[in-house]
Amino acid sequence: MMDYTLFIGGQKVAAANHHDIRNPSTGDIVGRMPLATAEQLDQAVDAAAAAFRDWRQKREEERAQACRDVATAIEAHAEELATLLTLEQGKPMNGLGSRFEIGGALAWTRYTAELSLPVEILQDNNEGRVELHRKPIGVVGSITPWNWPVMIACWHIIPAIRAGNTVVIKPSPMTPLSTIRLVEIINEVLPPGVVNVITGENAIGGALSAHPGVAKMTFTGSTATGKKIMASAVETLKRLTLELGGNDAGIVLPDAEPKRIAEGLFWGAFINNGQTCAALKRLYVHDSIYDEVCTALADYAGKIVIGDGMDEKSVLGPIQNEMQYNKVRDLVEDARAKGGRVLTGGEPIDRPGYFYPITLVADVADGVRLVDEEQFGPALPIIRYSDVDEVIERANRNPAGLGGSVWSSDPEKAKHYALKLECGSVWINKHGAIQPNAPFGGVKQSGIGIEFGAEGLKEFTTIQTVLS
Ligand code: NAD
């Protein structure tokens, strides 16, 4: 079985100890994750700090070209990366699975390469001149989750290096191998030390976020871990971007057409088996069309093929890990015990691996855990309402504020209500459709800061004002 290595200062660095990484479809070992020591973390931060001295001096065009070269290198290895991703993450090669994720990583890398941060002239008159310059921050520590590991790694790495920083990335211990391979590939075209990877259990993430040599942390993961990272960053006042958990509400207005919106609702909720930060996680449907929406969604769910990710026929795969599998199962059981009506699914699929069916639970209300908590899996609560203003208020009571959506035949009316939702992104007649030019981030406990586009790039800089 292949022992993967860390990648530090342009070199493979072996670890003394490893953990097995298993395929969630079969339980087979995919490869062995190196467990970095505290000394190896120091080496990685030192390598990134040494590389920063030159990298920060490069001309903008040189860094833009380097990011284009990164995209070319990733593209040359796209199928290899997609396969490794499927084996360790579980998502299918096909559909909105691994090939789609690698395609997303490429799209974001290419878009971000072409961004720029020109000097802004704030004043230029006979009283003086004021210029705003954007400068790189230093060594960026990146910590990523297990749901979209390769794409999110690129969301962190590419803007960081485009702006002149260097990176130490630590992927999730659930899905570390595709990130190790990604960093090896990136290093084919970048100077040594600009991007480094260390892996290990959660504690090495804590050590990275507390490391005095790290100037900024960029983190995507749960709200609970985000709070710990914020606490670790206090000592050296690290800059922070925190993209955290969501519990996105979708509001279906009485004038929506159930059959027309069913496909969009389904994929809004079940993309990547619901293991997506900005997936639709609570669906509020007006009483007048409640039953029709439930039927249309259950009909659509019946067509979806669930299976081993390596099977080209699979449209969805297993849940990624046992902890998440148990959580989804418990939340569905709890909802059923509280009177929830299971329209489809609701019992684990009897086969090896963490397979759980698409589960729709009707007749639940706020106060039930499946509604109030982030399920992060293939189970969607469908909540009945009768007053639109009141339901918006209810949806906003949740502490999360990542995304939301409104569904209606009247886009203007939908926008009127969309603007009342307390969330960073709001969609009309779709959900979760992110794109590289649309700034993305959470409000309330879904995070701090923004990713994507020029606004996202600015998060990897500090401002220097020049007054003359
Ligand atoms: P998680 O918080 O359990 O783990 C995320 C990462 O943090 C992993 O790499 C983990 O090793 C690391 N980590 C754990 N404890 C740590 C600590 N004390 N210090 C530093 N690092 C630590 O999250 P997860 O289960 O991997 O991912 C699922 C969560 O991520 C969901 O809540 C989801 O909504 C969220 N998410 C958010 C976004 C977004 O853009 N807002 C995107 C994807 C996922």
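Residues numbered from 1 in each chain as written. Predicted model: local features only at pLDDT ≥ 70, side-chain atom pairs only at ≥ 80, totals over all residues. Heavy atoms only, no water.

(A) Structural view of the site of the ligand. As a matter of local geometry, the ligand sits amid 29 residues, with Thr-144, Asn-202, Ser-222, Thr-225 and Glu-374 nearest to it. Between an oxygen atom of the ligand and a side-chain N or O atom of Ser-222, the distance comes to 2.6 Å. For the ligand, an oxygen atom lies 2.6 Å from a polar atom in the side chain of Glu-374. For the ligand, whose accessible area on its own is 850 Å², the fraction buried by protein is 90%. According to the grid-proximity analysis, the pocket containing the ligand is the largest pocket. The set of elements that each furnish at least two residues to the shell around the ligand consists of helix H7 (202-210), strand E10 (216-220) and helix H8 (223-232). In terms of residue class, the shell around the ligand is made up of 13 nonpolar, twelve polar and four charged. For the shell around the ligand, the two domains that each supply at least three residues are domain 1 (6-244 + 443-467) and domain 2 (248-428). (Near = heavy atom within 4 Å. Polar contact = N/O pair within 3.5 Å; in protein donor to acceptor, adjacent residues only side chain to side chain. Areas by Shrake-Rupley, 256 points an atom, 1.4 Å probe, with all protein chains shown as cover. 1 Å grid on protein atoms, 1.4 Å probe; cavity = no way out; pocket = protein on both sides within 12 Å on 5 of 7 lines; lining within 4 Å. Sits in = over half its atoms within 2 Å of the grid points. Helix = DSSP H or I, 4+ residues; strand = E, 2+ residues; numbered from the N terminus. Nonpolar A, V, L, I, M, F, W, Y, C, P; charged D, E, K, R; others polar. Domains from an automatic or database assignment.)

(B) Molecular detail of the pattern of salt bridges. Counted under the stated rule, the structure contains 34 salt bridges. Across the pair Glu-333 and Arg-336 runs a salt bridge, and its minimum N-O distance is 3.1 Å. Taken as a pair, Glu-333 and Arg-336 lie in helix H11 (residues 322-337) at a separation of three residues, close to a single helical turn. Here Lys-338 and Asp-334 are joined by a salt bridge, their closest N and O atoms 2.7 Å apart. (Salt bridge = Lys/Arg side-chain N within 4 Å of Asp/Glu carboxyl O.)

(C) Quick peek at the packing of helix H3 (residues 78-89) against helix H6 (residues 177-186). It is the contact of H3 with H6, at a shortest axis distance of 8 Å, that shows an interaxial angle of 160°. Here H3 lies roughly antiparallel to H6, going by the angle between them. Read as a crossing pair, H3 and H6 show a hand that is right-handed. Packed against H3, whose contacting residues are Glu-80, Leu-81, Leu-84, Leu-85 and Glu-88, the element H6 presents Leu-177, Ser-178, Arg-181, Leu-182 and Ile-185 at the interface. (Axes fitted to C-alpha atoms, helices over the stretch in contact; angles between N-to-C directions. Parallel < 35°, antiparallel > 145°, perpendicular 65-115°, else oblique. Left-handed = near helix turned anticlockwise from the far one by under 90°. Contact = heavy atoms within 4.5 Å.)

(D) A look at the layout of surface pockets. Taken as a whole, the largest pocket encloses approximately 1,000 Å³ of empty space. In terms of lining, the largest pocket is formed by 42 residues, of which the most central are Gly-221, Ser-222, Thr-223, Ala-224 and Thr-225. Going through the elements one at a time, H7, E10, H8 and H11 are the ones with two or more residues in the lining of the largest pocket. A per-element tally of the lining of the largest pocket places H8 first, with six residues. The class makeup of the residues in the lining of the largest pocket is 16 nonpolar, 19 polar and seven charged. Composition of the lining of the largest pocket by domain shows at least three residues from each of domain 1 (6-244 + 443-467) and domain 2 (248-428). Here the second largest pocket is characterised by a volume of approximately 380 Å³. (Points joined across faces, edges and corners; volume = space filled by probe spheres on them.)

(E) Structural detail: H8. Buried within H8 are the following residues: Thr-223, Gly-226 and Ile-229. Down the axis of H8, the sector holding all buried residues measures 110°, keeping them to one side. Residues of H8 that are exposed and point over 90 degrees away from its buried face: Ala-224, Lys-228 and Ala-231. Packed against the buried residues of H8 are strand E7 (139-143), H7, E10 and strand E11 (239-243). (Buried < 20%, exposed > 50% of the residue type's maximum accessible area, 1.4 Å probe, protein only. Arc of directions from axis to C-beta.)

(F) Main features of unusual backbone geometry. Backbone geometry at Leu-237 places phi at a positive 50°, although glycine is not the residue there. With respect to the secondary-structure elements, Leu-237 resides in the loop between H8 and E11. Classification of Leu-237 by relative accessible area gives exposed; the value is 62%. In this model, Asn-273 sits at a positive phi of 65°, which is unusual for a non-glycine residue. In this fold, Asn-273 is placed in the loop between helix H9 (258-270) and strand E13 (280-286).

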